[in-house]
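# Structure at a glance
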Amino acid sequence: MIRTATVGRWPHAVMGVAIVAAVLSVAVAVLPDRPGVAVGPVGGVPPLRLAAGLAGQAAGGACPASTGRVPLPGGVHVLVHDGVRRSYRLAVPADYDGRFAYPVVFDFHGFKADAALEEQRSRLGVVGAGRGFVVVTPDALGTPRRWNTLGEPGKADDVGFVGALLTDLSSRFCVDGRRVYATGHSNGAEFAAALVCRSARFAAVAMVSSTFEARCPAGRAPATMAVHGTADPSVPYGGGVVVGSSTRVPAASEVVRGYADRYDCNPAPLTTQPAPGIVTRRYVDCVGGSEVLFDTVVGGTHLWPASPEARRDPRDSPAGQTFDATGAILDFFTAHRAAPPT
């Protein structure tokens, strides 16, 4: 059984959405936002690269009159999945009116973090909604919170929760089923990579500060992006033991090349330097028109590039403090959609 409840409002939620007074008898409870957390744009960050067209124009085709007319408001909500209350944050484009199919981005926080902190770090709730995406930022379970990347029995059914949440949102919003995406930071990036391999409902994934070796079923090759700093002390860029664990990871470049090999991409990457301290390797001509993209942040740490934390941290490099990873991820998602159903 799945039930939803509105449990607060995000202070910076877009207020231009036309919301009917009652949303399918949604129950209201109180879950205060974290005090002192800013989720708006960060001053001094370079302008974000714009998606092609306005929200309605960049979105999919028209929806039936019976679909997407009673959306949830932006803010904090609860979905009851398998008897467990699961919270998530929602950001909605200001011009959403239910007439066009909109893309959806799931943004997963890292280990020990939560949805409120992830919104502060990635700014996807504000920036993504401003570019025409419905942005969903869920909370993991546990103390501390951690995503069940490997689907271990007896632990949280995170894949099932995300699937149920996407189904519920698709019944409330006019969602473009070919433009559903997953991103995340650290443990959230690992989970996002595993999720898109286990669920064919996702068109692309972007991993920040984690290069997880997810292996999709044969023939499935979701567009894959990774952003990783060379001075990451937690998940070593050159390979090694992940801090606080005994897990050993290969070098980030090897992991990305592995994706390109499995997805039958052109083995010769296109290498560019879009900004000082940023090296981009793009593997193209992959299965189904997919691609694999790797942004190396020279001197970047484990922090989300250009996040408030990164901009304050003297240990981070100028590239780590200023690279618009959020804009680059949204550009990548805008360029990819799933193949039409057969």
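### What about the confidence of the model for the protein chain?
- Of all residues in the protein chain, 80% attain a pLDDT of 70 or more, and the chain-wide mean is 84.
- Residue range residues 6-59 is modelled with pLDDT below 50. Its contacts to residues more than four positions away, or to other chains, number 119 contacts.

### Let's talk about the nonpolar core
- Leu90, Phe106, Phe108 and Tyr263 are the most contacted members of the largest nonpolar core, which totals 54 residues.
- Apart from the residues lying within four places of it in its own chain, the contact partners of Phe108 are Glu118, Pro138, Trp147, Val162, Ala182, Thr183, Gly184, His185, Gly188, Phe191, Ala192 and Leu195.

### Quick look at the packing of helix α4 (residues 158-172) against helix α5 (residues 187-198)
- Relative to each other, α4 and α5 sit at 70 degrees, their axes nearing to 11 Å. Classified by the angle between their axes, α4 and α5 sit roughly perpendicular to one another. Crossing angle aside, the handedness with which α4 passes α5 is right-handed. On α5, the residues that touch Asp158, Val159 and Val162 of α4 are Phe191, Leu195 and Arg198.
- Grouping the amino acids of the contact of α4 with α5 by side-chain chemistry returns four nonpolar, no polar and two charged.

### Topic: unusual backbone geometry
- A cis amide bond links Thr143 to the next residue, Pro144, at an omega of 0 degrees.
- Along the chain, Pro144 turns up in the loop between β6 (134-138) and α4.
- Positive phi outside glycine occurs at Ser209, with the angle close to 60 degrees.
- Unlike most non-glycine residues, Ala306 shows phi in positive territory, near 70 degrees.

### Structural notes on the state of the cysteines
- According to the stated counting rule, one finds two disulfides in the structure shown.
- Put simply, Cys197 and Cys216 are joined by a disulfide, and their sulfur atoms are 1.9 Å apart. Here the S-S torsion is close to -75 degrees, and the disulfide linking Cys197 with Cys216 is therefore left-handed. Separated by 19 residues along the polypeptide, Cys197 in helix α5 and Cys216 in the loop between β8 (204-208) and β9 (223-229) bring together distant segments of the chain. Of the two residues, Cys197 and Cys216, neither departs from the other in class, the shared state being buried.
- Two residues share a disulfide in this structure: Cys265 and Cys286, whose sulfurs sit 1.9 Å from each other. Judged by the sign of its S-S torsion, about 105 degrees, the bond between Cys265 and Cys286 is right-handed. Of the two residues, Cys265 sits in the loop between α6 (252-262) and β12 (270-275) while Cys286 sits in the loop between β13 (278-283) and β14 (292-297), which places them 21 residues apart along the sequence. Both residues of the pair, Cys265 and Cys286, count as buried.

### Quick look at the packing of aromatic side chains
- Using the criterion set out here, one finds twelve aromatic pairs in the structure.
- Measuring from centroid to centroid gives 5.9 Å for Tyr259 and Tyr263, while their planes differ by 55 degrees, and the two rings are tilted. One exposure class covers both Tyr259 and Tyr263, and it is buried.
- Taken together, the ring pairs in this structure connect Phe106, Phe108, Trp147, Phe191 and Phe202 into an aromatic cluster.
- Sitting above the plane of the Phe161 ring, Arg86 keeps its charged end 4.0 Å from the centroid.

Conventions we followed
- Residues numbered from 1 in each chain as written.
- Predicted model: local features only at pLDDT ≥ 70, side-chain atom pairs only at ≥ 80, totals over all residues.
- Heavy atoms only, no water.
- pLDDT = per-residue confidence, 0-100.
- Contact = heavy atoms within 4.5 Å.
- Core = buried A, V, L, I, M, F, W, Y, C linked by side-chain atoms within 4.5 Å.
- Buried < 20%, exposed > 50% of the residue type's maximum accessible area, 1.4 Å probe, protein only.
- Axes fitted to C-alpha atoms, helices over the stretch in contact; angles between N-to-C directions.
- Helix = DSSP H or I, 4+ residues; strand = E, 2+ residues; numbered from the N terminus.
- Parallel < 35°, antiparallel > 145°, perpendicular 65-115°, else oblique.
- Left-handed = near helix turned anticlockwise from the far one by under 90°.
- Nonpolar A, V, L, I, M, F, W, Y, C, P; charged D, E, K, R; others polar.
- Disulfide = S-S within 2.5 Å.
- Phe/Tyr/Trp six-rings, centres within 6.5 Å; stacked < 30°, edge-to-face > 60°.
- Lys NZ or Arg CZ within 6 Å of the ring centre and 35° of its normal.

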